[in-house]
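Residues per chain are reported as follows:
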Amino acid sequence: MVKLIYTTKKQGFNYSTIVDDVSDDFEGVPYFGKRLKNENHTEYLISSIPILFPGLLAGITIGIVF
């Protein structure tokens, strides 16, 4: 999951005022636009997007060949 945290040093900033702007910025991106989730807090705003990364599996095999 990728998380973007929006903060400011301005006292009393209302982060709910920028939720729509953040959503509009990601709306045109096919995968991200539909999966973006915003969490509004009093001191910051978190936008998160779930992303699946392919993994790499490695191992050692020991056997006998007939």
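If you're wondering where the values come from, they're calculated on a predicted model, not measured in any experiment. (Residues numbered from 1 in each chain as written. Predicted model: local features only at pLDDT ≥ 70, side-chain atom pairs only at ≥ 80, totals over all residues. Heavy atoms only, no water.)

**Thoughts on the overall build of the protein chain**
Line of reasoning, step 1. A count of helical and extended segments in the protein chain gives 2 helices and 3 strands.
Line of reasoning, step 2. Walking the protein chain from its N terminus toward its C terminus, one meets helices and strands in the order β-α-α-β-β.
Line of reasoning, step 3. Scaling as 2.2 N^0.38, a compact globule of 66 residues should have a C-alpha radius of gyration of about 11 Å, whereas the protein chain reaches 21 Å, well beyond that.
Line of reasoning, step 4. Relative to its 66 residues, the protein chain shows a buried fraction of 15%.
Line of reasoning, step 5. For the protein chain, long-range pairs separated by at least 24 residues make up 47% of all intrachain contacts whose partners lie at least 6 apart in sequence. (Helix = DSSP H or I, 4+ residues; strand = E, 2+ residues; numbered from the N terminus. Rg over C-alpha atoms; globule rule 2.2 N^0.38 Å. Buried < 20%, exposed > 50% of the residue type's maximum accessible area, 1.4 Å probe, protein only. Contact = heavy atoms within 4.5 Å.)

**As for the pairing of strand E3 (residues 45-49)**
Line of reasoning, step 1. In terms of burial, E3 is a largely internal element, 5 of the 5 residues being buried.
Line of reasoning, step 2. Across the two faces of E3 the burial is the same, with Leu45, Ser47 and Ile49 and Ile46 and Ser48 all buried.
Line of reasoning, step 3. As paired strands, strand E1 (residues 2-6) and E3 are joined by 5 bridges and run antiparallel to one another. If you follow isoleucine 5 over to E3, its bridge partner there is isoleucine 46. (Pairing = 2+ DSSP bridges.)

**What to know about a negative patch on the surface**
Line of reasoning, step 1. Judged by side-chain charge, Asp20, Asp21, Asp24, Asp25 and Glu27 come together as a negatively charged surface patch.
Line of reasoning, step 2. Its location among the elements puts aspartate 20 in helix H1 (residues 19-27).
Line of reasoning, step 3. Of the residues examined, aspartate 20 reaches a relative accessible area of 54% and is grouped as exposed. (Patch = residues over 30% accessible without salt bridge, like charges linked within 9 Å, V, L, I, M, F, W, Y side chains within 5 Å. Areas by Shrake-Rupley, 256 points an atom, 1.4 Å probe, with all protein chains shown as cover. Salt bridge = Lys/Arg side-chain N within 4 Å of Asp/Glu carboxyl O. Lys, Arg positive; Asp, Glu negative; His and termini not counted. Charge placed at Lys NZ, Arg CZ, Asp CG, Glu CD.)

**Some details on the environment of phenylalanine 13**
Line of reasoning, step 1. Position of phenylalanine 13 relative to the elements: it lies in the loop between E1 and H1.
Line of reasoning, step 2. Residues phenylalanine 13 and tyrosine 44 lie 31 residues apart in sequence; the distance between their C-alpha atoms is 9.0 Å.
Line of reasoning, step 3. In contact with phenylalanine 13, not counting residues within four places along its chain, are Thr8, Ile18 and Thr42.

**Some words on the sheet that holds E1**
Line of reasoning, step 1. Spatial ordering of the open sheet is given by E1-E3-E2, a layout of 3 strands whose pairing is antiparallel. Two strands lie at the open edges of the sheet, namely E1 and strand E2 (37-40), each paired on one side alone. Sheet twist, expressed as the mean angle between neighbouring strand axes with direction ignored, is 20 degrees.
Line of reasoning, step 2. The strands touched by H1 within the sheet are E1, E2 and E3, with E3 carrying the most contacts at an inclination of about 25 degrees. (Axes fitted to C-alpha atoms, helices over the stretch in contact; angles between N-to-C directions.)

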